[in-house]
Amino acid sequence: MNNMRMLAEEEENEDANEVTWEDQQRINTFSKLNTRLRSIEERLEELKQEKEALDDLSTELELADEDQPVLYKIGESFLHLPQPRAMQRLDKDQAAITSQLSELSATAEQCEKEMKELKVTLYARFGRAINLDE
């Protein structure tokens, strides 16, 4: 029956570190941070696309006739706005998205920093017995 072993007994025991409660909490924290980071990265991508669309809209509005009302999307509906008012609204929307982008980027950096610290600790404790990569 001993012939069915995948690893030699020495190698098996080499990686058999016991997981303490503190270790498990670190692993759980790492997992939560990893999930949060993936979510933030998805949201950042959405915001970047939205910012790009607003930049394109800004260019189009600059070329539009000031006397003609402009359809401007607010939420799920479109409103007729005078061109100068639409430009003001657009500037406000662009500033809001830029602010959100910088906040999310800072949060992502903080998550990455905490994850890096946890990786160092966990790899030092478990070595190759733990995989913290995606």
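Residues numbered from 1 in each chain as written. Predicted model: local features only at pLDDT ≥ 70, side-chain atom pairs only at ≥ 80, totals over all residues. Heavy atoms only, no water.

Residues and numbers for the pattern of salt bridges, please.
Tallied over the full model, the rule gives 6 salt bridges. Two residues, D23 and R125, come together in a salt bridge whose shortest N-O distance is 2.9 Å. Placement of D23 in helix α2 (residues 21-63) and of R125 in helix α3 (residues 83-126) is noted, with a sequence separation of 102 residues between them. Residue classification places R125 among the partly exposed residues on the basis of a relative accessible area of 33%. A salt bridge links R89 to D93; the nearest nitrogen and oxygen atoms lie 3.6 Å apart. (Salt bridge = Lys/Arg side-chain N within 4 Å of Asp/Glu carboxyl O. Helix = DSSP H or I, 4+ residues; strand = E, 2+ residues; numbered from the N terminus. Buried < 20%, exposed > 50% of the residue type's maximum accessible area, 1.4 Å probe, protein only.)

Requested: an account of the packing of aromatic side chains, with residues and values cited.
The description of an aromatic ring pair rests on the distance of the ring centres and on the angle between the ring planes. Tallied over the full model, the rule gives 0 aromatic pairs. Just above the ring of F126 sits the side chain of R125; from NZ or CZ to the centre is 5.1 Å. (Phe/Tyr/Trp six-rings, centres within 6.5 Å; stacked < 30°, edge-to-face > 60°. Lys NZ or Arg CZ within 6 Å of the ring centre and 35° of its normal.)

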